[in-house]
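# Structural characterization, general
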Amino acid sequence: MGDNNNDTLSRDARLKGLAAREDMTLYIPNSDDLGEGFVRLVDSMGDDLTVVNAARVSFNRKSNSMSEKDKSLIKYLIEHEHTSPLRHGFFTFHVKAPIFVMRQWGKHQVGCSWNEVSLRYVKHDMGFWEPRSWRSPPESHIKQGSGAPIEHQGHAHNIYDKAVNAAYKAYLELINAGVCNEQARAILPMSMMTEFWWTASLQATLRFLDLRLAKDSQSEIRDYAEAVYKIVAEKYPSTLSAWEQHAR
Ligand SMILES: Cc1cc2nc3c(=O)[nH]c(=O)nc-3n(C[C@H](O)[C@H](O)[C@H](O)COP(=O)(O)OP(=O)(O)OC[C@H]3O[C@@H](n4cnc5c(N)ncnc54)[C@H](O)[C@@H]3O)c2cc1C
């Protein structure tokens with residue numbers, strides 16, 4: 001598939017705010033520059049040596065520190081799709097994203113676990129997604145994706161804000177009228193923000209990056225994939241570098 005997603009921000013520009021390292025929270029840029037959305041590392045398990053030693057146990061061997069030989073082993077594993085050693089590393093992310101992004105993310109199932117805020121229990125107060133810019137449909141025959149920014153951004157923003165505000169107002173009115181949370185939420189749009197925890201094996205995380213960093217994935221989820229990429233690069237530098245050389 002070609003590049004049918006004409007949001008031309010560079011990879012770095014996609015992530016404006018890398019907060020304090022110890023917090024490992026990456027904010028996703030939106031129209032206000034300071035994104036409402038974020039990817040925060042809750043926890044992780046393992047490092048490059050975990051991958052190496054999961055493979056070396058086949059020969060009843062173990063490395064205590066990464067060597068060039070170990071880096072080559074990781075490359076070999078990835079090149080030959082010897083993927084099971086990648087299943088001993090894990091990440092848990094806390095993510096805030098619009099529902100339409102979470103919907104795409106949630107298609108990643110194998111090696112992944114999910115928990116999400118329930119609007120049966122709590123009232124929605126997580127805000128709504130605001131785009132950086134409104135894009136036109138793709139210029140080629142491709143059906144999915146988008147093209148250049150439209151000319152009249154302000155007009156589109158006005159239509160959008162009016163509809164989102166009306167939906168949220170109606171939501172609050174339904175609740176004030178005595179309607180339960182689980183039914184009132186049905187009036188909220190796909191732009192509503194949600195929060196979830198995603199725990200994924202290293203292999204599942206790399207699969208997510210394969211698909212969601214690709215140029216044909218929607219720009220909005222690509223921002224989140226960039227954040228995940230940065231965190232994985234921090235924890236598994238050799239594995240990510242081998243993956244970049246081979247899989248991408
Ligand atoms: C650009 C793009 C457009 C998309 N468009 C749509 C769309 O229009 N509609 C839609 O519903 N989804 C769409 N998707 C989602 C897509 O179909 C996948 O569900 C999603 O990308 C997750 O990938 P996955 O299946 O590899 O992940 P996982 O579900 O995590 O699976 C990982 C791997 O496990 C194996 N596997 C998983 N399930 C099975 C199985 N049942 N049998 C055998 N092997 C299995 C496969 O090798 C798979 O790659 C789109 C994805 C992208 C990137």
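Here the structure is a predicted model, which is why all the values come from computation and not from measurement.

The rules behind each value
- Residues numbered from 1 in each chain as written.
- Predicted model: local features only at pLDDT ≥ 70, side-chain atom pairs only at ≥ 80, totals over all residues.
- Helix = DSSP H or I, 4+ residues; strand = E, 2+ residues; numbered from the N terminus.
- Buried ≥ 20, exposed ≤ 12 C-beta atoms within 10 Å, placed from the backbone.
- Contact = placed C-beta atoms within 7 Å.
- Pairing = 2+ DSSP bridges.
- Axes fitted to C-alpha atoms, helices over the stretch in contact; angles between N-to-C directions.
- Parallel < 35°, antiparallel > 145°, perpendicular 65-115°, else oblique.
- Left-handed = near helix turned anticlockwise from the far one by under 90°.
- Nonpolar A, V, L, I, M, F, W, Y, C, P; charged D, E, K, R; others polar.
- Core = buried A, V, L, I, M, F, W, Y, C linked by C-beta atoms within 7 Å.
- Expected span 1.5 Å × (residues − 1).
- pLDDT = per-residue confidence, 0-100.

## Description of the overall build of the chain
- Scanning the chain from terminus to terminus reveals eight helices and six strands.
- If you list the helices and strands of the chain from N to C, you get β-β-β-α-α-β-α-β-α-α-β-α-α-α.
- Here the chain holds 248 residues, and the buried ones make up 27% of them.
- Put simply, of all contacts in the chain between residues at least 6 apart along the chain, 69% involve residues at least 24 apart.

## Some remarks on the pairing of strand 6 (residues 193-201)
- Sheet topology places strand 4 (residues 90-98) next to strand 6; nine bridges connect them, and they run antiparallel. Bridge pairing in strand 6 places Phe 90 opposite Ser 201.
- Of the strand pairs in this sheet, strand 5 (residues 112-116) and strand 6 are connected by five bridges, and their pairing is antiparallel. Within the sheet, the bridge partner assigned to Trp 114 lies in strand 6 and is Trp 198.

## Describing the packing of helix 2 (residues 68-79) against helix 8 (residues 237-247)
- Running from N to C, helix 2 and helix 8 cross one another at 40 degrees; their axes reach a closest spacing of 9 Å. The angle between the axes of helix 2 and helix 8 places the two elements in the oblique class. The crossing of helix 2 and helix 8 is right-handed. Each of Lys 71, Ile 74, Lys 75, Ile 78 and Glu 79 in helix 2 lies in contact with helix 8, whose residues at this interface are Ser 238, Thr 239, Ala 242, Trp 243, His 246 and Ala 247.
- When grouped by side-chain class, the residues that make up the contact of helix 2 with helix 8 number five nonpolar, three polar and three charged.

## Here we look at the nonpolar core
- Of all hydrophobic cores here, the largest spans 38 residues; its most connected members are Val 39, Ile 74, Phe 93, Tyr 224, Ala 225 and Val 228.
- At seven residues, the largest contribution of residues to this core is made by helix 7 (residues 219-235).
- Non-local contacts of Tyr 224, meaning those with residues more than four positions away in its chain, are made with Ile 28, Val 39, Val 95, Ala 97 and Val 101.

## A look at unusual backbone geometry
- The phi angle at Asn 60 is positive, at roughly 55 degrees, despite the residue not being glycine.
- With respect to the helices and strands, Asn 60 occurs in the loop between helix 1 (48-56) and helix 2.
- What makes Asn 60 exposed here is the crowd of 6 C-beta atoms within 10 Å.
- The phi dihedral of Glu 81 is positive, around 50 degrees, even though this residue is not glycine.
- Structurally, Glu 81 is set in the loop between helix 2 and strand 4.

## Quick word on helix 7
- With 17 residues, helix 7 ought to run about 24 Å at 1.5 Å a step, and its terminal C-alpha atoms sit 25 Å apart, in line with that.
- Counted residue by residue, helix 7 has 12 buried out of 17 residues, so it is predominantly covered.
- Residues of helix 7 that are buried in the fold lie against strand 2 (25-27), strand 3 (38-45), strand 4, helix 3 (99-105), helix 6 (202-212) and helix 8.

## Let's talk about the environment of Trp 134
- Relative to the helices and strands, Trp 134 resides in the loop between strand 5 and helix 4 (153-176).
- We classify Trp 134 as partly exposed; it has 18 C-beta atoms within 10 Å.
- In this structure, the C-alpha to C-alpha distance between Trp 134 and Pro 149, residues 15 residues apart in sequence, is 5.6 Å.
- In contact with Trp 134, not counting residues within four places along its chain, are Pro 149, Ile 150, Gln 153 and Ala 156.

## Re helix 4
- A rise of 1.5 Å per residue sets the reference length of helix 4, with its 24 residues, at 34 Å; its end C-alpha atoms lie 34 Å apart and thus fit the reference within 8%.
- Here helix 4 lies mainly on the outside; one of its 24 residues are buried.
- Positive phi shows up at Gly 178, right after helix 4, with a value of about 100 degrees.

## Notes on the confidence of the model for the chain
- Confidence along the chain averages 89 in pLDDT terms, with 88% of residues attaining 70 or more.
- Here strand 1 (residues 17-18) stands out as the element of the chain with the lowest mean pLDDT, 48, in contrast to helix 5 (residues 181-184), whose mean of 98 is the highest.
- Low pLDDT, under 50, characterises residues 17-22; the stretch is placed with five contacts to residues that sit more than four places away or in other chains.

## Quick notes on the packing of helix 1 against helix 2
- One way to put it is that helix 1 packs onto helix 2 with a least axis distance of 10 Å and a crossing angle of 70 degrees. Considering the angle they form, helix 1 stands roughly perpendicular to helix 2. For the pair helix 1 and helix 2, the contacting residues are Asp 48, Val 51, Val 52 and Ala 55 in the first and Asp 70, Leu 73, Ile 74 and Leu 77 in the second.
- Residue classes in the contact of helix 1 with helix 2 are distributed as six nonpolar, no polar and two charged.

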